[in-house]
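What follows is each chain in one-letter form.
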Amino acid sequence: MAQLLITGGAGFIGSHACLVLLEAGHRLVVLDNFSNSSESVPARVAELSGISKGQRLRIIHGDIRNREDLDLAFNAYTDGITAVLHFAGLKAVAESIKDPLLYWDVNVNGSRSLLQAMRSYGCRTIVFSSSATVYGHPDQMPIPESAKVKPINPYGKTKAAVEQLLNDVAESEPGWRIARLRYFNPVGAHPSGLIGEDPKGVPTNLFPFISQVAIGKLEKLKIWGGDWPTPDGSCIRDYIHVMDLAEGHKAALDVLLMGNSQILTLNLGSGLGYSVLEVVAAFSRASTKSIPYIISERRVGDAACTVADPALASKILNWQTKRNLEQICKDCWKWQEKYPHGYVQN
Ligand code: NAD
Ligand code: UD1
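Keep in mind that this is a model prediction, so the values were computed, not measured.

1. Some words on the site of ligand 1
Within the structure, ligand 1 sits among 27 residues, and Asp32, Asn36, Ser37, Lys91 and Tyr155 are positioned closest to it. Take Phe87: an N or O atom from its main chain is 2.9 Å from an oxygen atom of ligand 1. Against a free-state accessible area of 820 Å², the protein chains account for coverage of 95% of ligand 1. Listed by contribution, the elements that provide at least two residues to the shell around ligand 1 are α1 (12-23), β5 (125-131) and α6 (154-172). Sort the elements by how many residues they give to the shell around ligand 1 and β5 lands first, with three residues.

2. Here's the deal with the pattern of salt bridges
According to the stated counting rule, one finds 16 salt bridges in the structure shown. Among the ionic pairs, Lys91 bridges to Glu197, the shortest N-O distance being 3.8 Å. Taken as a pair, Lys91 in the loop between β4 (83-86) and α4 (93-98) and Glu197 in the loop between β7 (185-187) and α7 (206-214) lie far apart in primary sequence, 106 residues in all. Of the charged contacts, one joins Asp302 and Arg299 as a salt bridge, the two residues approaching to 3.1 Å between their closest N and O atoms. The exposure class of Arg299 is partly exposed, given its relative accessible area of 35%. Among the ionic contacts, a cluster of salt bridges with common partners joins Asp244, Glu247, Lys322 and Arg323.

3. A short note on the packing of aromatic side chains
Overall, the coordinates contain seven aromatic pairs when judged by the stated rule. Seen from their ring centres, Tyr135 and Phe184 are 6.4 Å apart, and the 35° between their planes marks the pair as tilted. In this pair, Tyr135 sits in the loop between β5 and α6 while Phe184 sits in the loop between β6 (177-183) and β7, placing the two residues 49 residues apart along the sequence. Take Phe184: its relative accessible area is 6%, and that puts it in the buried class.

About the criteria used
- Residues numbered from 1 in each chain as written.
- Chains lettered and ligands numbered in written order.
- Predicted model: local features only at pLDDT ≥ 70, side-chain atom pairs only at ≥ 80, totals over all residues.
- Heavy atoms only, no water.
- Near = heavy atom within 4 Å.
- Polar contact = N/O pair within 3.5 Å; in protein donor to acceptor, adjacent residues only side chain to side chain.
- Areas by Shrake-Rupley, 256 points an atom, 1.4 Å probe, with all protein chains shown as cover.
- Helix = DSSP H or I, 4+ residues; strand = E, 2+ residues; numbered from the N terminus.
- Salt bridge = Lys/Arg side-chain N within 4 Å of Asp/Glu carboxyl O.
- Buried < 20%, exposed > 50% of the residue type's maximum accessible area, 1.4 Å probe, protein only.
- Phe/Tyr/Trp six-rings, centres within 6.5 Å; stacked < 30°, edge-to-face > 60°.

Next up, the structure:
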């Protein structure tokens, strides 16, 4: 059992990871400023794990850029913090193009501030949320970790910068145990339907958009391009169930805690690609709702196909995805049906 600091632990991926880590017996402190999440999330995570909030799940409403908030987090347990899982950050590509200063501040300066606090508390184990977006438009498919890092938007550039910062920190002194996890497309929800993805405003990502079409909140899906060089003309992505992703974090943490200094860079994906049209059909089956759509212009910045090569993660973490597209759609729909307005009005 370890004491873990979970930055951004109230968010979509962090909340599911908290649940898996509580179930593994760890004690957690979540540091979140709730800029993109609801304060009701930790209570739901506690409920699902069968503990009472406060018992092994402490919450600090604070910011990773604020040293006083970090001090509170590192002092949450008398035995100190063994490792950090760093989910806190901003993730919207379009917003990052409009406001790169904000993205560099939260994602890069926030990570620097966290690492500085870690160093002063003697905590040198961190799992970082990176993204497949660091590959930009890769030349190889499926994408191995050895593919070139060449992000094409400010969001991706901040993720690549933090990866580099972690590398520099690891080289600066011995003892650092670091996992840089490059997620492909995290989707789905906990099978209970109690926690899930709750984007603010009109969603820009595919699954939240389709869910809201299925529930009747949005009229129809616009498929960004029907003339891509793929079998059915729509883009292909590697969708990973958020519970598989959460379990991947536990596996990475276990490997770090068992080993000496090391820096891991791993893809977390399924290795399978599905087209937008295939996702629409699968979601329609799972929800038994029709999903009206039109084929629209291509979206700027999209790639035809992005699929992970997950072989290295499978070997090093002894982990692989277990849930298929059908399960993803089923769980996503359960969350949407149970909480059509997300966390806000429930
Ligand atoms: P999310 O927005 O749901 O969760 C991020 C959490 O961090 C939120 O609860 C937010 O309130 C919090 N936060 C933001 N800025 C903060 C700050 N300055 N201090 C403290 N807390 C702060 O996002 P998510 O989908 O759960 O993503 C988690 C991480 O994974 C992010 O770093 C994201 O970039 C990365 N990632 C996400 C995806 C994806 O598709 N969801 C893909 C690849 C990588
Ligand atoms: C996007 C980001 C990526 C980020 C990820 C998670 C871009 C170009 N990429 O990935 O950097 O890490 O979200 O936040 O923004 N689609 C439609 N209609 C829609 C929405 C999506 O056809 O209304 C299609 C897209 O063209 C894409 C697929 O569905 O082919 C998945 O899209 P999305 O969920 O936005 O994820 P990515 O674009 O892969």
